Amino acid sequence: MFDKDFIFGASTAAYQIEGYTNVDGRTDSIWDTFSRIEGKIDDGSDGTIACESYKKYKEDVKLLKELKVNGYRFSISWSRVINRNNKPNKKGINYYVKLAKELNKYNIKPYVTLYHWDMPQWLEDKGGFLNDKISDYFEYYTDVITKALDGLVSDYITINEPQCIMHLGHNVCVHAPGTKYNDKDMIHAIHNLLLCHGKSVRVIRKNVKNSTVGFAPCSRPMIPTDKSEEAYRKCYDKYFELDRGGEYPNNVSIYSDPIFLGDYPKEYYVIFKDILPNITKEDLELISQPLDYIYQNIYSGTFYKIENNEAVMKKFPFGYPEGNIDWLQVVPEALYYAPKYLYERYKKPIIISENGFCNNDLVSEDGKVHDAERIEYLKSYLKELERVSKEIEVKGYFVWSLLDNFEWHNGLRKRFGLVYVDYSTGERIKKDSFYFYKKLIKENKQ
Ligand code: GBH
């Protein structure tokens, strides 16, 4: 059981669900462009139709209402609400106003993510995160949308998973825009991204009464297999370590230390000493304005054992339980250890902004979707979250996702929803896990 005011929510993102990418003045985002390139998306699909939530949003809100969630986390498509001349696009903005109103009608709090990976293509053409003016553009966009949603939305998340933006988008290049950065450009772009966050926070605080603000990185925690304090400490250090084998753009502390602690980790200045971007005291102050929560997207973890005083990764045994996507091993303890590590270092209440399961769902003869594995996943993860909530402050949990949707480079064939979507008809079918989550929320409120 969680506190009575615990936020049970569901999460989605604009490009993954909205469809109607070519209407009402919306311009291309980098994902539109990327999806058109042959071979980039596994099944050749894209977001042009997806769940058609741009038109079916009332139906979606009805689903949320039936679940009795008290929060819905969705993202705004920058290229829908700001046009190519960097001016507001009324028609696009109006969609989010209508959606927020519909949610408020049923007392479902909107949690708005401003950037869930869909940079307007015309801004990418000007250099994207390497453009030193990108944070001014982001500040302007934040100003426009927070004013438009005034009185309707008070909870904002600036940026979703900077790790995926930089690592998947610009290092391994399986995500849009898929252009490789060298190290110098990478840490420069990361600094610009953090400035986007900082300027956005400043505007939100100015424009929105009683606002809450956060940002939502992702992480995959190290799970100690041995229960000693030493093992815990070694795994904690590893989790925040900057240079895990050159994968620093995928790291926790390079983003969260500047935001929560006011500076990059010490090793940053050592590792990148010859290629540092220009980092001023003002930048760091802007980036580290106080936030309300530590949001975190967590799906899986990796086990570590202690050998010769070192935390070393343990291979998963053959046949270890996993979802229908290659990185999704079932490791419920991830929702115990990651919140604990994060709370210890950054000292703010935790909200899990995404957690969920990719299943090989199909519609059965009885017309229903029996996703028993997803139920087991959610049950076991929430148990661990409940366990850690006895030790630290945990404020909420958003399941990924309300609907099956466009799973980025994996396309439409990977399903994460509590609700099944038939992409040829747009029909939504509540899965068994939908009823499971509904029941869990209900029981928790009694
Ligand atoms: C989230 O990203 C996204 O925010 C969301 O849009 C997406 O649909 C959802 O999750 C489901 O994928 O380091 O071994 O975990 C996914 C998080 C983080 C998963 C990076 C893949 C790389 C491999 N991703 N991870 S691993």
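Each remark here, short or long, concerns the structure printed above.
This structure is a prediction, so every number in the text was calculated from the model and none was measured.

In terms of regular secondary structure, the protein is built from 16 helices and 13 strands. For a compact globule of 446 residues, the expected C-alpha radius of gyration is about 22 Å, and the protein comes in at 21 Å, within 12% of that figure. Here the C-alpha coordinates of the protein stretch approximately 55 × 50 × 45 Å along the principal axes. Considering the protein as a whole, with its 446 residues, one finds that 61% of them fall into the buried category. Positive and negative side-chain charges in the protein, numbering 63 and 65 respectively, have mean positions lying 5 Å apart.

Residues D237, E241, D243, E267 and E310 make up a contiguous surface patch of negative charge. Looking at the element boundaries, E267 is found in helix α12 (residues 266-271). For E267, a relative accessible area of 35% translates into the label partly exposed.

Another aspect to go through is the pattern of salt bridges. According to the stated counting rule, one finds 31 salt bridges in the structure shown. A salt bridge links K56 to E59; the shortest N-O distance between them is 4.0 Å. In this pair, K56 and E59 both sit in helix α3 (residues 53-67), three residues apart, roughly one turn of the helix. Through salt bridges with shared partners, a single ionic network connects D361, D371, R374, D404, R415 and K431.

Summed over all chains, the structure comprises zero disulfides. In this structure C218 is not part of a disulfide, and its nearest cysteine sulfur, from C164, lies 4.2 Å away. Look at C218 and you get buried, because its relative accessible area is 13%.

Residues spaced three or four apart along an α-helix face the same direction, because each turn holds 3.6 residues. In a regular helix each residue adds 1.5 Å, so 25 residues correspond to 36 Å; helix α9 (residues 183-207) covers 36 Å between its end C-alpha atoms and thus fits that length. Buried residues dominate α9, accounting for 18 of its 25 residues.

The next thing to look at is the site of the ligand. Looking at the ligand, there are 15 residues lining it, with Q16, E161, E354, E407 and W408 nearest. Contact with the protein chains hides 83% of the accessible area of the ligand, taken as 560 Å² for the molecule alone. Class assignment for the residues of the shell around the ligand results in seven nonpolar, four polar and four charged.

Time to look at the pairing of strand β11 (residues 394-400). β11 sits mainly inside the fold: six of its seven residues count as buried. As paired strands, strand β1 (residues 7-11) and β11 are joined by five bridges and run parallel to one another. Each bridged residue has a counterpart across the sheet, and for F8 the counterpart in β11 is Y397. Sheet analysis places strand β10 (residues 350-354) next to β11, joined by three bridges and oriented parallel. Bridge pairing in β11 places I350 opposite V394. Regarding topology, helix α15 (residues 372-389) serves as the crossover connection from β10 to the parallel β11, and that connection is right-handed.

Each value, and the rule that gives it
Sequence order sets the numbering: in each chain, residues are counted from 1 along the sequence as written. Note on the predicted model: pLDDT of at least 70 is required for a residue's local features to be given, and 80 or more for side-chain atom pairs to be given and counted; whole-chain, interface and lining totals, by contrast, use all residues. Here the side-chain values reflect all heavy atoms present in the structure, with hydrogen atoms and water set aside. Runs of E in the DSSP output that reach at least two residues are strands. Runs of H or I that reach at least four are helices, and both are numbered from the N terminus. Put simply, the radius of gyration uses C-alpha atoms, and a globule should come to 2.2 Å times the residue count raised to 0.38. Under the scheme applied here, a residue whose accessible area is under 20% of the maximum for its type counts as buried, over 50% as exposed, and between as partly exposed, the area being computed with a 1.4 Å probe on protein chains only. A positive count includes Lys and Arg, and a negative count includes Asp and Glu. His and the chain ends are not counted in either. Charged groups are reduced to one reference atom each: NZ for lysine, CZ for arginine, CG for aspartic acid, CD for glutamic acid. Patches in this entry comprise residues that are over 30% relatively accessible and not in a salt bridge; like charges within 9 Å are linked, as are nonpolar side chains (Val, Leu, Ile, Met, Phe, Trp, Tyr) within 5 Å. Here, Shrake-Rupley sampling with a 1.4 Å probe gives the accessible areas, and only protein chains in the shown set may cover a residue. In what follows, salt bridge is the name for a side-chain nitrogen of Lys or Arg lying within 4 Å of a carboxyl oxygen of Asp or Glu. Count a disulfide wherever a pair of cysteine sulfur atoms falls within 2.5 Å. Here a helix's expected span is defined as the number of its residues, less one, multiplied by 1.5 Å. When at least one non-hydrogen atom of a residue lies within 4 Å of a molecule or strand, that residue is treated as near it. Classes in brief: Ala, Val, Leu, Ile, Met, Phe, Trp, Tyr, Cys and Pro nonpolar; Asp, Glu, Lys and Arg charged; the others, Gly included, polar. Here the rule is simple: two strands pair whenever DSSP picks up at least two bridges between them. Handedness rule for crossovers: strands pointing away from the viewer, path from the first strand over the helix to the second running clockwise, crossover right-handed.

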